[in-house]
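Chains, contacts and geometry: an overview
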Amino acid sequence: MITVAFDIGGTFTDFVLRNNATQKTCFLKVTSTPSNPEIAVLSGLKQILKEANTAPKCVGTVLHATTIATNAILERKGASTALITTKGFRDVLLIGRQKRYETYDLYINKPEPLVQRKHIIEVTERTDFDGSISTSIDPRSLDIAIEKLIELKSDAVAISLINSYANPSNEQVIRDAIFRKAPHLSVSVSSEISPKFREYERTNTAVSNAYVQPILDRYIGQLESALTAEGFKNDLFVMQSNGGLVSTKIARKYPIRVVESGPAAGVLMGALVGERIGEKHVITFDMGGTTAKLGAVDDGRPAISPTFEIGHVNFKKGSGLPINIPSVELIEIGAGGGSIASVDTGMIKIGPESAGADPGPVCYGLGGTNPTVTDANIILGYISTKLFNSGKIQLDIRRARLELDKQIAKPLNLSLEKAAWGVHAVATKNMENALRIVSVERGRDPRKYAMVAFGGAGPLHAARLAREIGIPKVIIPYAAGLGSALGLLEAQPKVDVSITQLIKMTGTVHSKIASIFHELENRAYAELDRLGAKGTIELIRQASMRYVGQGYEILVDLPSGTIGKNYHALVKKAFKDTYFKKHKFLDNEAEIECVDWTLIANIKSNNANHNIHDASASQDTFLDQQGSRLVWFPETDGFIETKTINRQTLPVNHVVTGPALIEDSDSTAVILPNDKVTKHELGHLVIEIYQNRVPEVDR
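Throughout, a residue's number is its position along its own chain's written sequence, starting from 1. Given that the model is predicted, a residue must reach a pLDDT of at least 70 before its local features are reported, and side-chain atom pairs must reach 80 or more before they are shown or counted; all residues, however, enter totals for whole chains, interfaces and linings. The basis for every side-chain value is the complete set of non-hydrogen atoms in the structure, without hydrogens or water.

1. Quick look at the overall build of the chain
When helices and strands are counted, the chain shows 17 helices and 35 strands. We compute the radius of gyration over the C-alpha atoms and compare it with the globule rule, which gives 2.2 Å times the number of residues raised to the power 0.38. What you see for the chain is a C-alpha radius of gyration of 26 Å, in line with the 27 Å of a compact globule of 699 residues. Taken over the C-alpha atoms alone, the chain extends approximately 80 × 60 × 60 Å along its principal axes. Any residue under 20% of the maximum accessible area for its type is buried, any over 50% is exposed, and the rest in between are partly exposed; the area is computed with a 1.4 Å probe on protein chains only. Looking at the chain as a whole, 56% of its 699 residues qualify as buried. We call two residues contacting when some pair of their heavy atoms lies within 4.5 Å. Across the chain, contacts joining residues at least 24 apart in sequence account for 68% of those joining residues at least 6 apart. About 29600 Å² of surface is accessible on the chain, with carbon and sulfur atoms providing 49% of the total. Taking the average place of the 79 positive charges on the side chains of the chain and the average place of its 77 negative ones, the gap between the two points comes to 1 Å. Strands here mean DSSP runs of E at least two residues long; helices mean DSSP runs of H or I at least four residues long; both are numbered from the N terminus. Accessible surface is estimated by sampling points in the Shrake-Rupley manner with a 1.4 Å probe; for residues, cover comes only from the protein chains shown. Lys and Arg are tallied as positive, Asp and Glu as negative. Neither His nor the chain termini are counted. Charge positions are represented by NZ for Lys, CZ for Arg, CG for Asp and CD for Glu.

2. What about the environment of leucine 672?
Residue position: leucine 672 is located in the loop between β33 (668-671) and β34 (676-679). Looking at leucine 672, the relative accessible area reads 2%, which means it is buried. Excluding residues within four positions of it along the chain, leucine 672 makes contact with Ala463, Arg464, Arg467, Phe633, Gly658 and Pro659.

3. Digging into helix α11 (residues 397-409)
A helix is expected to span 1.5 Å for every residue after the first. A rise of 1.5 Å per residue sets the reference length of α11, with its 13 residues, at 18 Å; its end C-alpha atoms lie only 16 Å apart and thus fall more than 12% short of the reference. If you follow the buried residues of α11, they end up packed against β21 (339-344), β22 (347-354), α10 (373-379) and α12 (416-438). Whenever a nitrogen or oxygen atom comes within 3.5 Å of another N or O atom, the pair is scored as a polar contact, on the condition that within protein one atom can donate a hydrogen and the other can accept it, and that pairs from neighbouring residues in sequence are kept only if both atoms are in side chains. At the N-terminal end of α11, a side-chain oxygen is found 3.1 Å from the backbone nitrogen of arginine 398, two or three residues along, and the residue is aspartate 396.

4. Quick look at the packing of α12 against helix α13 (residues 458-469)
Where α12 contacts α13, the axes come no closer than 10 Å and their chain directions differ by 60°. Considering the angle they form, α12 stands oblique to α13. Taken as a pair, α12 and α13 cross one another with a handedness that is right-handed. For the pair α12 and α13, the contacting residues are Trp421, His424, Ala427, Thr428, Lys429, Met431, Glu432, Leu435 and Arg436 in the first and Leu460, His461, Arg464, Leu465, Glu468 and Ile469 in the second. Under the scheme applied, nonpolar residues are Ala, Val, Leu, Ile, Met, Phe, Trp, Tyr, Cys and Pro; charged residues are Asp, Glu, Lys and Arg; polar residues are all the others, including Gly. Counted by class, the contact of α12 with α13 contains seven nonpolar, three polar and five charged residues. Lines fitted to C-alpha atoms define the axes here, with helix axes fitted over just the stretch in contact, and angles between the N-to-C directions of these axes take values from 0 to 180 degrees. Roughly parallel here means an angle under 35 degrees, roughly antiparallel means over 145, roughly perpendicular means 65 to 115, and every remaining angle is called oblique. Should the near helix be turned counterclockwise from the far one by less than a right angle, the crossing is left-handed, whereas a clockwise turn marks it as right-handed.

5. As for the sheet that holds strand β1 (residues 2-8)
Read across the sheet, six strands follow the order β3-β2-β1-β4-β11-β12 without closing on themselves; strand pairing throughout is mixed. The sheet is open, and its two borders are formed by β3 (24-31) and β12 (245-247), each paired with just one other strand. When the angles between neighbouring strand axes are averaged without regard to direction, this sheet yields 25°. Strand pairing is assigned whenever DSSP detects at least two bridges linking the two strands. By the bridge criterion, seven bridges tie β1 to strand β2 (residues 12-19) in an arrangement that is antiparallel. Among the inter-strand pairings, valine 4 is bridged to a residue of β2, identified as leucine 17.

6. Observations regarding unusual backbone geometry
Cis geometry marks the peptide bond from glycine 351 to proline 352, where omega comes out at 0°. For proline 352, the location among the structural elements is in strand β22. Of note, the amide linkage connecting glycine 658 to proline 659 takes the cis form, showing an omega dihedral of 15°. One can find proline 659 in the loop between β31 (656-657) and β32 (660-663). Of note, threonine 345 is a non-glycine position whose phi angle comes to about 50°, a positive value. With respect to the element layout, threonine 345 can be found in the loop between β21 and β22. On the basis of relative accessibility, which here comes to 70%, the residue threonine 345 falls in the exposed class. We note that asparagine 653 has phi near 70°; this positive angle belongs to a residue other than glycine. Secondary-structure assignment places asparagine 653 in the loop between β30 (638-646) and β31.

7. Let's talk about the sheet that holds strand β10 (residues 186-189)
On the basis of which strands lie adjacent, the open sheet formed by four strands has the order β6-β5-β9-β10 and parallel pairing. Among the strands making up the open sheet, the edge pair consists of β6 (120-123) and β10. Across the sheet, the mean angle from the axis of one strand to that of its neighbour is 20°, orientation sign disregarded. Where helix α4 (residues 139-152) meets the sheet, it contacts β5 (81-86), β6 and β9 (156-160), and its direction lies at approximately 165° from that of β6. Contacting β5, β9 and β10, helix α7 (residues 199-230) runs over the sheet at an angle of about 165° to β9.

8. A word on the nonpolar core
Membership of the largest hydrophobic core comes to 195 residues, with the highest contact counts inside it found for Phe285, Tyr382, Met505, Met545 and Trp597. By residue number, the principal contributor to this core is α7, which donates 13 residues. The term nonpolar core refers to a set of buried residues drawn from Ala, Val, Leu, Ile, Met, Phe, Trp, Tyr and Cys, joined through side-chain atoms within 4.5 Å. Membership of the second largest hydrophobic core comes to 19 residues, among which are Ile137, Ala177, Ile178 and Val189.

9. Observations concerning the side chain of glutamate 403
Along the polypeptide, glutamate 403 turns up in helix α11. If sequence neighbours within four positions are ignored, glutamate 403 has contacts with Val362, Thr369, Pro371 and Ile408.

10. Side note on the pattern of salt bridges
Put simply, a salt bridge is a Lys or Arg side-chain nitrogen that is within 4 Å of an Asp or Glu carboxyl oxygen. The full count for this structure, using the stated rule, is 37 salt bridges. For the salt bridge of arginine 117 with aspartate 91, the shortest nitrogen-to-oxygen distance reads 2.7 Å. Here arginine 117, found in the loop between α3 (92-95) and β6, pairs with aspartate 91, found in the loop between β5 and α3; they are 26 residues apart in sequence, far enough to count as distant. Relative accessible area serves as the criterion here: at 39%, arginine 117 is assigned to the partly exposed category.

11. Observations concerning the packing of aromatic side chains
Classification of ring pairs uses Phe, Tyr and Trp, with its six-membered ring standing for Trp, and accepts pairs whose centres are within 6.5 Å; under 30 degrees between planes counts as stacked, over 60 as edge-to-face, and the remaining range as tilted. Summed over the entire model, instances satisfying the criterion amount to nine aromatic pairs. Here a set of aromatic residues connected by ring pairs shows up, and it is made of Tyr547, Phe575 and Tyr579. The criterion is that NZ of a Lys, or CZ of an Arg, lies within 6 Å of the ring centre and within 35 degrees of the ring normal, and then a charge sits over that ring. Above the ring of phenylalanine 517, the side-chain terminus of arginine 541 is found at 5.5 Å from the ring centroid.

12. Brief notes about the environment of isoleucine 2
Assignment of secondary structure puts isoleucine 2 in strand β1. Note: C-alpha distance between isoleucine 2 and asparagine 170 (168 residues apart in sequence) is 47 Å. Excluding residues that lie within four positions of it along the chain, isoleucine 2 makes contacts with Leu17, Arg18, Asn19, Thr54, Cys58, Val59, Gly60 and Thr61.

13. Brief notes about helix α1 (residues 37-52)
With 16 residues, α1 extends 23 Å between its outermost C-alpha atoms, agreeing within 8% with the 22 Å of an ideal straight helix rising 1.5 Å per residue. Against β1, β2, β3, β4 (59-65), α2 (68-74) and α7 lie the buried residues of α1. Immediately beyond the C-terminal end of α1, within one or two residues, lies asparagine 53, with a positive phi of roughly 55°.

14. Overview of the pairing of β9
For β9, the tally of buried residues reaches five of five residues, placing the bulk of the element in the interior. By the alternation rule, side chains of β9 split into Ala156, Ala158 and Ser160 and Val157 and Ile159, which are all buried. Inspection of the sheet shows β5 paired to β9 by five bridges, in the parallel sense. Following the sheet pairing, threonine 81 is matched in β9 by alanine 156. Two strands pair when backbone bridges link them, and β9 and β10 are joined in this way by four bridges, in the parallel orientation. Residue pairing for β10: valine 157 is matched across the bridge by valine 187. Here a crossover is taken to be right-handed if, once the strands point away from the viewer, the path from the first strand over the helix to the second is traced clockwise. Regarding the hand of the β-α-β motif, the stretch spanning β9, helix α5 (residues 169-181) and β10 is right-handed.

Remember that the coordinates give geometry; whether it matters functionally is a separate question.
Shown next, in the form of structure tokens:
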């Protein structure tokens with residue numbers, strides 16, 4: 001079977017084609033077309049199918065990752081959206097949470113809601129915390145609400161009523177009434193999208209789904225039609241934020257599930273590369289043309305968060321829009337190869353603005369006039385002017401030098417080379433701050449983790465980043481520049497369903513727990529039927545738990561197997577193990593309760609995963625094809641003649657000591673002085689980082 005995967009980024013769209021019968025794999029990068037993404041998709045598909053000498057009808061599966069939903073929210077370019085809520089709760093989104101994400105900053109701004117107050121409509125009804133209906137929906141207030149919706153000419157509407165997670169019936173009545181009187185509206189119901197307590201978070205999740213639904217529905221519909229017209233016969237699957245695949249039908253109804261689509265695929269790829277190289281604890285570092293993203297893999301499993309935020313400020317919890325959807329744990333910053341460098345109050349500033357794909361960095365020669373991180377890297381000698389993206393883009397170093405000198409070097413009274421190094425160093429420092437949050441601030445010792453670095457710009461900065469924070473090993477995967485697309489090839493269908501029920505862990509609760517997971521299993525199997533996926537089903541139980549009286553929970557993996565009388569004791573032990581690992585503290589006097597219950601259904605397909613690697617090179621070929629050029633390293637006080645090596649000619653297990661550049665068609669790995677790099681038998685580069693490490697303390 002032939003599988004094609006593509007990931008649309010802000011600068012490039014990446015493609016990978018795998019023929020499982022012949023074991024042949026093809027790779028391609030094309031420039032993205034942000035205003036009309038399917039143009040780049042169709043162009044790239046034609047090119048890669050031609051290279052593989054195959055036809056669209058022969059493709060068995062098409063896999064897709066996209067950031068369209070994320071960008072629509074960040075840029076506030078979603079659909080015109082309204083919200084229907086319970087009378088008296090019109091300002092839930094405006095009030096948000098009382099907690100300040102910057103305690104002593106008097107000028108912080110709360111996250112701006114996606115719906116204006118004048119578009120928030122109240123209906124008379126009331127559901128109590130236990131799910132009982134104390135006030136049925138007043139028909140007159142509902143009629144007025146729908147008339148107001150029609151008057152507003154909104155494209156989408158979210159329904160979020162107080163306590164509807166405990167009983168969704170009133171939300172369902174409103175939904176059905178809207179479908180009867182305004183069937184053209186896109187409707188998102190909070191009890192279907194996020195049946196969890198905490199009104200602010202649930203309401204924002206429903207509104208966010210409504211805000212992007214018309215856009216993603218239109219985009220996926222156009223893409224499917226275009227693929228069908230080109231001769232593709234089989235279904236398209238989309239990557240979710242949780243690292244699993246879903247059908248386009250589910251993605252179009254619940255687009256909030258695919259907000260972190262592309263980054264999730266990258267973390268999945270990092271986990272698989274780490275596993276195959278013998279590293280179960282991994283920090284993933286994905287730096288593309290627009291952003292840099294950092295994730296984590298603990299004990300071989302990508303770290304999953306039950307909630308996340310969009311558009312946060314300086315990574316501060318509570319500064320972004322909360323989304324009550326499971327997602328791969330990520331930190332994302334505006335520091336990619338295309339991030340624009342400028343001078344701000346006498347200092348170099350990087351991003352968050354990006355030159356993107358159009359016009360791109362100055363060195364692309366497509367009309368860009370703002371110097372970027374890529375322009376600095378080419379001036380420093382890190383990037384070949386002739387081999388970039390397999391030579392499809394000829395970089396113009398003269399223009400890059402001219403603009404960086406004019407806009408950065410001269411205003412700061414620096415030499416051109418030092419200004420370029422400043423841009424590189426500041427971009428790396430920004431990523432280092434994010435890396436410390438993913439690792440140290442979340443209880444991970446970077447000395448015990450390897451870094452898997454990918455994306456077009458990731459291998460350029462990875463070794464420096466690892467050296468600064470104390471990570472001892474960096475892995476550059478084969479075809480690193482297409483990391484997220486490769487992750488898509490390894491992804492499997494996945495469904496997760498959740499519900500809120502507060503239950504204290506006592507000896508009489510096993511029947512309640514069994515009932516909860518029975519209900520969740522029914523919901524999961526119903527979604528799997530809609531997904532149409534086939535294979536062995538693996539069920540994973542989880543719960544968000546806390547000590548009674550605490551305001552926030554931790555996510556705990558629950559025991560599998562039969563839920564018997566002693567199940568509560570097993571759940572308590574799982575909580576204590578997880579809590580101690582995270583906080584290094586236990587309160588043996590306090591009661592324990594579960595808040596949210598989650599069931600994850602993974603589909604293990606019968607398609608065997610295959611390792612992708614290049615053919616082994618000989619020592620003679622390696623020695624014959626080495627080159628060199630001047631490259632800037634602060635360790636050598638400036639430019640030094642540095643060996644350049646084509647990764648494909650590097651023999652397996654041959655040791656190269658830095659400084660060196662290992663070049664590939666999709667990325668270049670910078671090997672710092674005294675670092676040592678070898679090529680694994682699967683084609684991955686393994687860099688041993690040289691540093692004066694702080695001795696580990698036995699605990």
